[in-house]
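# Structural features, examined
Here's the letter readout for the chains.
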Amino acid sequence: MVTGQHIVVFDGLNETEEVLKAVLEPQGCRVNRVRMQNRVEVSGHQETPSIIIVHDNDSTESTTNQLGWNEVPKVVIGSVKASKPENTTASTRFLVQPFQYAELIDSIESLLQQPQSTH
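Presented here is a report on the structure given in the accompanying data block. (Residues numbered from 1 in each chain as written. Predicted model: local features only at pLDDT ≥ 70, side-chain atom pairs only at ≥ 80, totals over all residues. Heavy atoms only, no water.)

## Observations regarding the nonpolar core
I7, L20, I51, I53, V75, L104 and I108 are the most contacted members of the largest nonpolar core, which totals 18 residues. Every residue in contact with L104, bar those within four places of it in the chain, is listed here: T16, L20, I53, V75, I77, L95 and F99. Core analysis: the next-biggest nonpolar cluster, separate from the first, contains seven residues, V8, I52, W69 and V72 among them. (Core = buried A, V, L, I, M, F, W, Y, C linked by side-chain atoms within 4.5 Å. Buried < 20%, exposed > 50% of the residue type's maximum accessible area, 1.4 Å probe, protein only. Contact = heavy atoms within 4.5 Å.)

Structural data, given as structure tokens:
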């Protein structure tokens, strides 16, 4: 785990943020939760996160792209459905609801260990 990583959770459950903070903040990561209604707050946010956690039924994919975060690794949590091939990259992980937090943590750690691409 690389110290100083920043993880953003779009909407989702309060519990998701709490669990990630409890597990990852002692390892040096920052975890923030952003709600869709605070889009103005997000737009003014200058720092690009290391990883984005997206709940697919929150329709946040387009928001992350609008913010210029389309290249940021993502963990997408949602129902069972076929993903669009053009949106699937090596830096995207999918979890089916209901999911275990251990799966989410493993996915995040896996993405954090990948070499960062330079664009």
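Now that the structure has been shown, the text picks up again.
## Some remarks on the environment of H55
Locating H55 in the fold gives a position in strand 3 (residues 51-55). In this structure H55 comes out as buried when scored by relative accessible area, which is 3%. (Helix = DSSP H or I, 4+ residues; strand = E, 2+ residues; numbered from the N terminus.)

## Structural notes on the sheet that holds strand 2 (residues 30-34)
If you walk across this open sheet you meet the five strands as 2-1-3-4-5, and the pairing is parallel. Looking along the sheet, the strands with just one partner apiece sit at the ends: strand 2 and strand 5 (92-96). In this sheet, adjacent strand axes meet at a mean angle of 15° when their direction is disregarded. Here strand 4 (residues 74-78) runs beside strand 5; their pairing, made up of five bridges, is parallel. By the bridge assignment for strand 5, V76 is matched with F94. Of the strands in this sheet, strand 1 (6-10), strand 2 and strand 3 are in contact with helix 1 (residues 14-24), which crosses strand 2 at around 170°. (Pairing = 2+ DSSP bridges. Axes fitted to C-alpha atoms, helices over the stretch in contact; angles between N-to-C directions.)

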